[in-house]
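Single-letter residue listing:
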Amino acid sequence: MNIPTTSNMRSRINNMGFKISTSSMATTTITIFLVLSLSYSLIHSSSSSSSSSSSSLPLPLPILPIPNAFQLQWQLTNMALFFHFGINTFTNTEWGSGHVDPTTFNPIKFNASQWIRVAKDYGFSRVLITAKHHDGFCLWPSDYTDYSVRSTQWRNGKGDVVSDLAVAAKDAGVGLGIYLSPWDRHENCYGRTVEYNEFYLAQMTELLTRYGEIKDVFLDGAKGEGEKDMKYFFESWFSLIHQLQPGAAIFSDDGPDTRWVGNEGGAAGSTCWSLFNRSAAGIGRVDFDSKYQSEGDPLGPDWVPALCDVSIRPGWFWHASEHPKSARTLLNIYYKSVGRNCLLLLNVPPNSSGIISAEDIQVLKEFSDLRNSIFSHNLATNALLNASTTRGGIHDSRFSPYNVLKEDIHTYWAPEENQSSWTLYINLQELVSFNVLQVQEPIQMGQRVIEFHLEALNQGGVWNRVTNGTTIGYKRLLLFPQVKSQYLKLVVDKSRAEPLISYLGIYMDPVTILSDIHDEKLVGRFNGSQVLQTRSTTYNNSHSATM
């Protein structure tokens, strides 16, 4: 094996764009760092170059569990909008009684196309609708109840909210999901287990066979205190849903496809595995472990990624006296949901006219503008990269460290097998100020990283740890005090298997102040591992913090 000399190494480094000298202690440190990193890579590449020149190494083995195609598609969407709309919109309630006159429902300006346009314009590629909430009122003309839009004066009883939304979503290329509440405060058969489960499945069948492709089915175990005893046949429901809509992702407290994060404040724990043990959870359990829901399970046998649900307003349904959260608050939530390996489901309730309120739209626009201003330009785009090792050596570009600059989870940096040190070296080519790190894993290969950190070389030639994290998953965002540096190291400290990195981004967020991340719902620090405690607001003796 021919190991390069220091002078040859210096020449190679200069050719790569790493201009070095020995005029100061700082540049000497940089020289040593670059020489060692490049020589480490060359040593490993020379040992495998003969084999890589004759044949390419296959992809590394995935580490189980891994997502199915529809879970993967769900994760790639990042965010979805939830539309809570129904009788409650007109009665200033959150949990309706189930006995309000259906003619109360009369959204004279209803416009499903406006709902979808708002979603698409501001970065939401999926929407979900409360086709039936706990009051039992159906937004479609169900054949199995008289408590639906058919019994209203709206459009002379011929309207269908779900149909209009399905058409608008299909035309715009937006995915459609439904929420069909298991709890029904209107139907007399509720409480008679077999009869009501048959009724529920009949309504579910209507929704899954009349309105084209359904991307999401949202289920929960909500039921008020003192309500009739009722057993829901969830496994039968899951089987029917997968039969009628095999591409739909089913959400509940424990999956089977996506899980609740354990709170309604929109935040996951800073450790968040998509791995989960479904047998350790249960839908609607009052003794559920919120920490387990929030963090997942590194030893879990099931792939069940977490969903963070939160409303843009204090309540889930529209109330004239309420106002939306600020765009900066939504950005904070974004860091704690999408930035922690989750999908953000943001509820934006249409008003009693049947449209999304202008003030909500303004906040969504500002939220979109903030995200674009921060994340539209990766400050590492033109960086020079190296790695401690590369699978197949530096001649195999399929696993090159430069893959981390491509926004595609199917390309990634992969190290050699059986290594104990995994480092990406980043030369930004100029001094850059930044305070956000984005890292992603190719989750189709399994979730791997357990611990990692980022280091920056200061102008005194000293390496400082900038930030550290635990899990990565599909996307991890870490916000930290502003740093100015040219040279960085991303170090994976612990991993379930050889770590694979599909994307690395360096950004500057001039808006978010770390101390502003704290709110009355969060116990602990931002980037901490505590879970949220939701605040409760009351309308007509109903709690808005619970869907």
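Rules and cut-offs
Residues numbered from 1 in each chain as written. Predicted model: local features only at pLDDT ≥ 70, side-chain atom pairs only at ≥ 80, totals over all residues. Heavy atoms only, no water. UniProt positions renumbered as here; feature names shortened; annotations may be inferred. Buried < 20%, exposed > 50% of the residue type's maximum accessible area, 1.4 Å probe, protein only. Helix = DSSP H or I, 4+ residues; strand = E, 2+ residues; numbered from the N terminus. Pairing = 2+ DSSP bridges. Axes fitted to C-alpha atoms, helices over the stretch in contact; angles between N-to-C directions. Contact = heavy atoms within 4.5 Å. Polar contact = N/O pair within 3.5 Å; in protein donor to acceptor, adjacent residues only side chain to side chain. Lys, Arg positive; Asp, Glu negative; His and termini not counted. Salt bridge = Lys/Arg side-chain N within 4 Å of Asp/Glu carboxyl O. Phe/Tyr/Trp six-rings, centres within 6.5 Å; stacked < 30°, edge-to-face > 60°. Lys NZ or Arg CZ within 6 Å of the ring centre and 35° of its normal. Parallel < 35°, antiparallel > 145°, perpendicular 65-115°, else oblique. Left-handed = near helix turned anticlockwise from the far one by under 90°. Nonpolar A, V, L, I, M, F, W, Y, C, P; charged D, E, K, R; others polar. Disulfide = S-S within 2.5 Å.

- Identification of the protein chain as alpha-L-fucosidase from Lupinus albus is taken from an unreviewed UniProt entry.
- Per UniProt, the protein chain carries the Subcellular location (unreviewed entry) text "Secreted, Extracellular space, Apoplast".
- The Sequence similarities (unreviewed entry) comment attached to the protein chain in UniProt states, word for word, "Belongs to the glycosyl hydrolase 29 family."

1. A few points about the pairing of strand β13 (residues 449–457)
Point 1. Most of β13 is tucked away: 7 of the 9 residues are buried.
Point 2. Here β13 runs beside strand β15 (residues 476–495); their pairing, made up of 7 bridges, is antiparallel. Bridge pairing in β15 places Val449 opposite Ser495.
Point 3. Where β13 meets strand β14 (residues 463–469), 6 bridges bridge the pair, whose relative direction is antiparallel. By the bridge assignment for β14, Glu455 is matched with Arg465.
Point 4. Once β13 ends, the chain turns through 5 residues before running back antiparallel as β14, passing Gly461 with a positive phi of about 85 degrees.

2. Re the sheet that holds strand β5 (residues 249–252)
Point 1. Strand order in the closed barrel formed by 8 strands is β1-β2-β3-β4-β5-β6-β9-β10, and the pairing between neighbours is parallel. Put simply, the sheet's adjacent strands are angled 25 degrees from each other on average, direction ignored.
Point 2. As defined by bridge partners, strand β6 (residues 258–260) adjoins strand β9 (residues 306–311) across 2 bridges and the pair is classed as parallel. Within the sheet, the bridge partner assigned to Arg259 lies in β9 and is Ala306.
Point 3. Along the sheet, helix α6 (residues 161–172) contacts β1 (79–83), β2 (126–132) and β3 (175–180); its crossing angle with β3, the most-contacted strand, is approximately 155 degrees.

3. Some remarks on helix α5 (residues 112–121)
Point 1. Taken as a whole, α5 has its buried residues at Ala112, Gln114, Trp115, Ile116, Val118 and Ala119.
Point 2. Where the residues of α5 are buried, they touch β1, β2, α6 and α11 (358–375).
Point 3. Two to three positions downstream of the cap, the backbone nitrogen of Ser113 sits 3.0 Å from a side-chain oxygen, assigning the N-cap of α5 to Asn111.
Point 4. In the segment just after α5, Gly123 is the residue with positive phi, at about 95 degrees.

4. Here's the deal with the environment of Gln419
Point 1. The topology assignment puts Gln419 in the loop between β11 (384–387) and β12 (422–440).
Point 2. In this structure the C-alpha to C-alpha distance between Gln419 and Ala497, which are 78 residues apart in sequence, comes to 9.9 Å.

5. Considering the side chain of Arg259
Point 1. By the secondary structure assignment, Arg259 is in strand β6.
Point 2. Buried charge Arg259 goes without a salt bridge, the closest partner of opposite sign being Glu295 at 8.6 Å.

6. Thoughts on the packing of aromatic side chains
Point 1. Taken as a whole and assessed by the stated rule, the structure comprises 32 aromatic pairs.
Point 2. Ring geometry for Phe85 and Phe110: centres 6.3 Å apart, planes at 20 degrees, overall stacked. Pair noted here: Phe85 is in the loop between β1 and α4 (88–91) and Phe110 is in the loop between α4 and α5, with a separation of 25 residues, a long-range link.
Point 3. Using a relative accessible area of 8% as the deciding quantity, one classes Phe110 as buried.
Point 4. Look at Phe85 and Trp115: their rings are 5.3 Å apart centre to centre, the planes differ by 80 degrees, and that puts the pair in the edge-to-face class. Here Phe85 is found in the loop between β1 and α4, whereas its partner Trp115 is found in helix α5, with 30 residues between them in sequence. Across the pair, Trp115 and Phe85 agree in class, each one buried.
Point 5. For the cation-ring pair, Lys223 lies above Tyr232, with the distance from its terminal atom to the ring centre recorded as 5.9 Å.

7. Points about unusual backbone geometry
Point 1. Here the bond from Leu64 into Pro65 is cis, since omega is -5 degrees, no more than 30 degrees from zero.
Point 2. Along the polypeptide, Pro65 turns up in the loop between α2 (25–54) and α3 (69–76).
Point 3. For Gln429, which is not glycine, the phi dihedral falls at a positive 70 degrees.
Point 4. Tracing the chain through its elements places Gln429 in strand β12.

8. Description of the packing of helix α7 (residues 193–210) against helix α8 (residues 234–244)
Point 1. With their axes 10 Å apart at the nearest point, α7 and α8 run at an angle of 20 degrees to one another. When the axis of α7 is compared with that of α8, the two are roughly parallel. Every pair of crossing elements has a handedness; the one defined by α7 and α8 is right-handed. Together, Asn197, Tyr200, Leu201, Met204, Thr205, Leu208 and Thr209 of α7 and Ser236, Trp237, Leu240, Ile241 and Leu244 of α8 make up the contact between the two elements.
Point 2. Its residues placed into classes, the contact of α7 with α8 shows 8 nonpolar, 4 polar and no charged.

9. Let's talk about the pairing of β11
Point 1. The alternating pattern of β11 places Leu384 and Asn386 on one face and Leu385 and Ala387 on the opposite face, and all of these are buried.
Point 2. Of the pairings in the sheet, the one linking β11 to β12 comprises 4 bridges and is antiparallel in character. Paired with Asn386 across the bridge in β12 is Tyr425.

10. A short note on the state of the cysteines
Point 1. The full count for this structure, using the stated rule, is 0 disulfides.
Point 2. Summary of cysteine pairing: Cys342 is not part of a disulfide, and the nearest cysteine sulfur, belonging to Cys272, is at 3.6 Å.

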